[in-house]
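Listed below, chain by chain, are the residues.
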Amino acid sequence: MKVLPFKIPKPKDEVLIYQEDIGESFYNQLHQHEEIQLSIIIEGEGTLVVGNTVNSYKKGDFLVIGSHLPHVFKSDSTKVKTSSMLTLFFTKTAFGTRFFDLNELNTLRPFFKRAAQGFKISRRTTKIKSLFQSLSSANKLERFITLLNIMKIVSRKQYESLSSFVYDKNYNLADGKKLQVIYDYTMTNFKKDISLVSVANVANMTKSAFCKYFKKRTNKTYFEFLNELRIANACKLLNEDMDTSISEIAFASGYHNISNFNRQFMAIKQTTPSVFRKLL
């Protein structure tokens, strides 16, 4: 199966695809697709990389991933043995090139603006979950109406962007494979010391070529990405275990210097680890 681009499996003439993912993990290859993806996490948690940004996901999260936005799920099977996600896929022109330009659908326009960077609604809403759970037994018309209802609801909700810039590139297959190798290596080893030489070797590149390659394709340096991944892990641990000390969490997230951990945490989260924990 190609890493990038990825084709959503669908019957002929289907323009709105409903999919149920149930297993030990979700599809864990870096990929992008033309379809906009609306997903709700029924069970499971882990790390989600969207575009150039590291995010976390958990049970109850509602996620929207825009057209051609590269992403990869890394399920944490140590926490939950079975992951479950319900998803709708569609393109903006699936129902006609000007359908979503109709004045009657003006209230849905914020949805597409947010979707360009991807977004998450983490405040659980039973209404969205109920709508998704009705899709398995719905006919095509009912699924279409449900899609519009979900879009209407989330267009009004507070949200959190999943990527820090609008992605306007389509990776070729070689780029997709190389970035997949880089992401896999980083997600597997982020708790250890990682040098530019070691990750460049994994990508089969010189250190200088690797730095230019990664910055050009993600709009950030490799160490910015690595720190985001480490801080995302630290936030997860701060949320899960109130008895573990902050210094222990720093060490478990790849930091051997508490001052550096606090500095990186502040830079990414705009608060300290101790304040972050108190606000949970």
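As the structure is a prediction and not an experimental result, all values here were calculated from the model. (Residues numbered from 1 in each chain as written. Predicted model: local features only at pLDDT ≥ 70, side-chain atom pairs only at ≥ 80, totals over all residues. Heavy atoms only, no water.)

### Some remarks on the sheet that holds strand β4 (residues 53–57)
Strand pairing in a sheet relies on backbone hydrogen bonds, with the paired strands running either antiparallel or parallel.
Part 1: One open sheet holds the three strands; their spatial order is β4-β3-β6, and the pairing between them is antiparallel. Sheet topology places β4 and β6 (71–75) at the edges, where each strand pairs with a single neighbour. For this sheet, the mean angle separating the axes of adjacent strands, direction not counted, is 20°.
Part 2: The sheet contact formed by strand β3 (residues 46–50) and β4 spans five bridges and is antiparallel. Residue pairing in the sheet places Val 49 in a bridge with Val 54 of β4.
Part 3: In the packing of helix α7 (residues 222–240) onto the sheet, the strands contacted are β3 and β4, and the crossing angle to β4 comes to about 15°. (Pairing = 2+ DSSP bridges. Helix = DSSP H or I, 4+ residues; strand = E, 2+ residues; numbered from the N terminus. Axes fitted to C-alpha atoms, helices over the stretch in contact; angles between N-to-C directions. Contact = heavy atoms within 4.5 Å.)

### Topic: the nonpolar core
Part 1: With 30 residues, the main nonpolar core has Leu 38, Phe 62, Phe 90, Phe 111 and Phe 132 as its most contacted residues.
Part 2: Where this core is concerned, the elements lending two or more residues are β2 (36–43), β5 (62–65), β7 (83–90), α1 (109–115), β8 (119–121), α2 (126–133) and α3 (140–154).
Part 3: Core analysis: the next-biggest nonpolar cluster, separate from the first, contains 23 residues, Leu 196, Val 199, Tyr 213 and Tyr 222 among them. (Core = buried A, V, L, I, M, F, W, Y, C linked by side-chain atoms within 4.5 Å. Buried < 20%, exposed > 50% of the residue type's maximum accessible area, 1.4 Å probe, protein only.)

### Brief notes about the packing of α7 against helix α9 (residues 258–269)
Part 1: Where α7 meets α9, the axes come as close as 10 Å, and the angle between the chain directions of the two elements is 95°. Between α7 and α9, the angle falls in the class roughly perpendicular. For the pair formed by α7 and α9, the contact residues are Asn 227, Glu 228, Ile 231, Ala 234, Cys 235 and Leu 238 on the first element and Phe 261, Gln 264, Phe 265, Ile 268 and Lys 269 on the second.
Part 2: Per-class residue counts for the contact of α7 with α9 are seven nonpolar, two polar and two charged. (Parallel < 35°, antiparallel > 145°, perpendicular 65-115°, else oblique. Nonpolar A, V, L, I, M, F, W, Y, C, P; charged D, E, K, R; others polar.)

### Overview of the sheet that holds strand β1 (residues 17–23)
Part 1: Taken in spatial order, the six strands make up an open sheet running β1-β7-β2-β5-β8-β9, and their pairing is antiparallel. Each edge of the sheet is formed by a strand with only one pairing partner; in this case those strands are β1 and β9 (160–161).
Part 2: Pairing of β1 with β7 involves seven bridges; the strand directions are antiparallel. Following the sheet pairing, Asp 21 is matched in β7 by Met 85.
Part 3: Here α2 sits on the sheet in contact with β1, β2, β5 and β7, set at roughly 100° to β2.
Part 4: Here α3 sits on the sheet in contact with β1, β2, β5, β7 and β8, set at roughly 100° to β7.

### Focus on the packing of α2 against α3
Part 1: At a minimum axis separation of 10 Å, α2 and α3 run at an interaxial angle of 165°. Considering the angle they form, α2 stands roughly antiparallel to α3. Helix-helix and strand crossings are classified by hand; for α2 and α3 the assignment is left-handed. Here Lys 127, Ile 128, Leu 131 and Phe 132 of α2 come into contact with α3, specifically with Thr 146, Asn 149, Ile 150, Ile 153 and Val 154.
Part 2: Grouping the constituent residues of the contact of α2 with α3 by class yields six nonpolar, two polar and one charged. (Left-handed = near helix turned anticlockwise from the far one by under 90°.)

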